Amino acid sequence: MNFQEIKEQENKYILHTYGRVDAALVKGKNARAWDSEGKEYIDFTSGIGVNALGYCDPEWTEAVAAQAGKIQHMCNYYYCPENTALAEELSKASGMAKSFFCNSGAEANECAIKIARKYGEKRGAYHIITLKNSFHGRTLTTLAATGQDGFHQDFLPLTEGFLYADGDDLDSVKELMDSSVCAVLVETVQGEGGVVPIEKEYLQKLRKLCDERDVLLLVDEVQTGIGRTGNFFSFQGCEVTPDVVTAAKGVAGGLPMGVCLVSERLGDILGPGMQGSTFGGNPIASAGARVVVRRVSDPAFLKNVREKGAYLKERLEALPQVESVRGRGMMLGVKLKKGDAHEALVSCAKQGLLILTAKELVRFLPPLTITKEEMDEGLAIFSQVLNTL
Ligand SMILES: *Cc1c(COP(=O)(O)O)cnc(C)c1O
């Protein structure tokens, strides 16, 4: 099928929930992708931070294929050794105690929210404070947790029990934190909100406040986790220990997986029958995730992510058309002096570079394994495109 046929098929048979760009991707290798017409692209998206090891990393591909040929799925009545091994590896990489496995970021956050509700249940505390401008998912409850009205309209009423505080003002959290509050849920860098880093000091003070009030600190690392910011989890770079952490996007390197990790003291908070997921902890996704976790948790790999992120940031800041660059590690938002971010995205795709946007910023989430040559090639295209805006 050629691109035009694919596009017609999509328009006829798929709900129009995405504003797509004119390219159908059919194969990839590390940070390079090819479309249905054979055109080559440099990829600064990794599928919104999913393909942590790039497209079709050989070790990852082999582990996934081998597992598909052994046992692809089993029901959760039985033990799954690929999944138990992954849980231990995640625990060692994160310092958290135990995991619950599901299939997406929204589901991982749903689990975190259920844990918070359970924690507060005895004393009747059920409110969860989230930040304005946050993003936590598309299910009705995680949409309610998302502190942006634009996502709420059209779908009311949402799950009740969420309060929204200002991200840059701890007093705003303090004012909301009465005895009805069981948890605070935050991202460490707001991704969809426009790559807005939450300051380390803010998180540390928030941790202290939560401790004083017996309130849980839930950290949504769906976008920032699994090496993206140059630490295995971003909270590790902020020297804050959360009670609950959620991950998804990059964790299985391109297969659907979400995970909700809890600290030691919450290890027994959920009992049999309280939470579940048919596909959660699936052996194929677990086999892929084990390769990702082993590779990404290596301190040398993380150092390399920080170095490449710094290089990318420096090169972007040096472009005359760029107003500013913010973010952490390989999660970067670029504010342009002129031209709109979406227009830049469309032009970049035409010129052979895949990028993302976040609010009015251009957003880069390249595969963590991107090479310097691939970065330079992508930067050259980006700079050229900016001249035409
Ligand atoms: C993407 C994202 C989610 C939602 O993840 P899905 O897998 O799309 O459900 C939740 N939180 C953050 C911070 C995200 O970036």
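Residues numbered from 1 in each chain as written. Predicted model: local features only at pLDDT ≥ 70, side-chain atom pairs only at ≥ 80, totals over all residues. Heavy atoms only, no water.

Colleague: I'd like to hear about the environment of Ala248, residue by residue, with values.
Modeller: Along the chain, the position of Ala248 falls in the loop between β11 (244-247) and β12 (258-262). Overall, Ala248 belongs to the buried group, its relative accessible area being 1%. Spatially, the C-alpha atom of Ala248 lies 15 Å from that of Asn83, the residues being 165 residues apart in sequence. Leaving out residues up to four positions away in the same chain, Ala248 has contacts with Ser104, Gly105, Val222, Met257 and Gly258. (Helix = DSSP H or I, 4+ residues; strand = E, 2+ residues; numbered from the N terminus. Buried < 20%, exposed > 50% of the residue type's maximum accessible area, 1.4 Å probe, protein only. Contact = heavy atoms within 4.5 Å.)

Colleague: Any chance you could break down unusual backbone geometry for me, citing the residues and the numbers?
Modeller: The amide bond that connects Leu156 to the next residue, Pro157, takes the cis arrangement and shows omega of -5°. Among the structural elements, Pro157 can be located in the loop between α7 (149-152) and β6 (162-165). The backbone of Asp214 shows a phi angle near 55°, a positive value even though the residue is not glycine. Mapping Asp214 onto the fold places it in the loop between α9 (200-213) and β10 (216-220). Despite not being glycine, Lys359 has its phi angle at roughly 50°, a positive value. Looking at the element boundaries, Lys359 is found in the loop between β16 (356-358) and β17 (361-364). Residue classification places Lys359 among the partly exposed residues on the basis of a relative accessible area of 44%.

Colleague: Break down the packing of aromatic side chains for me, with residues and values.
Modeller: The final tally for this structure, using the stated rule, is 6 aromatic pairs. Ring centres of Tyr77 and Tyr78 lie 6.2 Å apart, and the angle between their planes is 50°; this geometry places the pair in the tilted category. Note on accessibility: Tyr77 and Tyr78 belong to one class, exposed. An angle of 75° between the planes, with centres 5.2 Å apart, marks the rings of Phe364 and Phe382 as edge-to-face. (Phe/Tyr/Trp six-rings, centres within 6.5 Å; stacked < 30°, edge-to-face > 60°.)

Colleague: How would you sum up the sheet that holds β17? Please name residues and give values.
Modeller: Pairing is antiparallel across the open sheet formed by 4 strands, whose spatial order is β13-β14-β17-β16. Every other strand in the sheet has two partners, leaving β13 (322-328) and β16 as the edge strands with one partner each. Each adjacent strand pair in this sheet contributes to an overall mean axis angle of 30°, direction not counted. Relative to strand β14 (residues 331-336), β13 runs antiparallel, the two sharing 6 bridges. Of the residues in β14, the one forming a bridge with Ser324 is Lys335. Set on the sheet, helix α12 (residues 299-317) makes contact with β13, β14 and β17; between it and β14 the angle comes to about 5°. (Pairing = 2+ DSSP bridges. Axes fitted to C-alpha atoms, helices over the stretch in contact; angles between N-to-C directions.)

Colleague: Please provide a residue-by-residue account of the domain arrangement of the chain, values included.
Modeller: Along its sequence, the chain is organised into domain 1 (3-57 + 299-386) and domain 2 (71-296). Centre-to-centre, using C-alpha coordinates, domain 1 lies 26 Å away from domain 2. In this complex, domain 1 contributes 29 residues to the contact, which on the side of domain 2 involves 33 residues. Buried surface at the junction of domain 1 and domain 2, both sides included, amounts to about 2,400 Å², of which 57% is carbon and sulfur. Of all residues in domain 1, the largest losses of buried area upon contact with domain 2 belong to Arg328, Met331 and Lys359, amounting jointly to 30% of the total for that side. At the junction of domain 1 with domain 2, the criterion picks out 2 salt bridges. Across the pair Glu192 and Arg363 runs a salt bridge, and its minimum N-O distance is 2.9 Å. Where domain 1 packs against domain 2, one counts 14 residue pairs in polar contact (both at pLDDT 80 or more). Those elements giving two or more residues to the side of domain 1 that touches domain 2 turn out to be α2 (46-49), α12, β13, β14 and β17. The biggest single contributor to the side of domain 1 that touches domain 2 is α12, with 4 residues. (Domains from an automatic or database assignment. Buried area = accessible area lost by both parts, 1.4 Å probe. Salt bridge = Lys/Arg side-chain N within 4 Å of Asp/Glu carboxyl O. Polar contact = N/O pair within 3.5 Å; in protein donor to acceptor, adjacent residues only side chain to side chain.)

Colleague: How would you summarise the layout of surface pockets if you had to cite specific residues and measurements?
Modeller: Taken as a whole, the second largest pocket encloses approximately 930 Å³ of empty space. Taken together, 34 residues form the lining of the second largest pocket, with Asn76, Asn83, Ser99, Phe100 and Phe101 sitting closest to its centre. Among the elements of the structure, α4 (81-94), β4 (98-102) and β12 are those that each provide at least two residues to the lining of the second largest pocket. Element by element, the count of residues in the lining of the second largest pocket is highest for β4, at 4 residues. (1 Å grid on protein atoms, 1.4 Å probe; cavity = no way out; pocket = protein on both sides within 12 Å on 5 of 7 lines; lining within 4 Å. Points joined across faces, edges and corners; volume = space filled by probe spheres on them.)

Colleague: Which residues make up α12, and what values go with them?
Modeller: Here α12 is 19 residues long and its end C-alpha atoms lie 27 Å apart, about the 27 Å a rise of 1.5 Å per residue gives. Along α12, the residues classified as buried are Phe301, Leu302, Val305, Lys308, Gly309, Leu312 and Leu316. Angularly, the buried residues of α12 cover 125° about the axis, an arc narrow enough to put them on a single face. Exposed and oriented more than 90 degrees from the buried face of α12 are Pro299, Ala300 and Glu314. Capping of α12 at its N-terminal end is provided by Asp298; its side-chain oxygen lies 2.9 Å from the backbone amide nitrogen of Ala300. (Expected span 1.5 Å × (residues − 1). Arc of directions from axis to C-beta.)

Colleague: Explain the site of the ligand residue by residue, including any values.
Modeller: Taken together, the neighbourhood of the ligand is formed by Ser104, Gly105, Ala106, Asn109, Phe135, His136, Gly137, Glu187, Asp220, Val222, Gln223 and Lys249. Measuring from a nitrogen atom of the ligand, one finds a backbone N or O atom of Phe135 at 3.4 Å. A distance of 2.7 Å is found between an oxygen atom of the ligand and a side-chain nitrogen or oxygen belonging to Gln223. When grouped by side-chain class, the residues that make up the shell around the ligand number 3 nonpolar, 6 polar and 3 charged. (Near = heavy atom within 4 Å. Nonpolar A, V, L, I, M, F, W, Y, C, P; charged D, E, K, R; others polar.)

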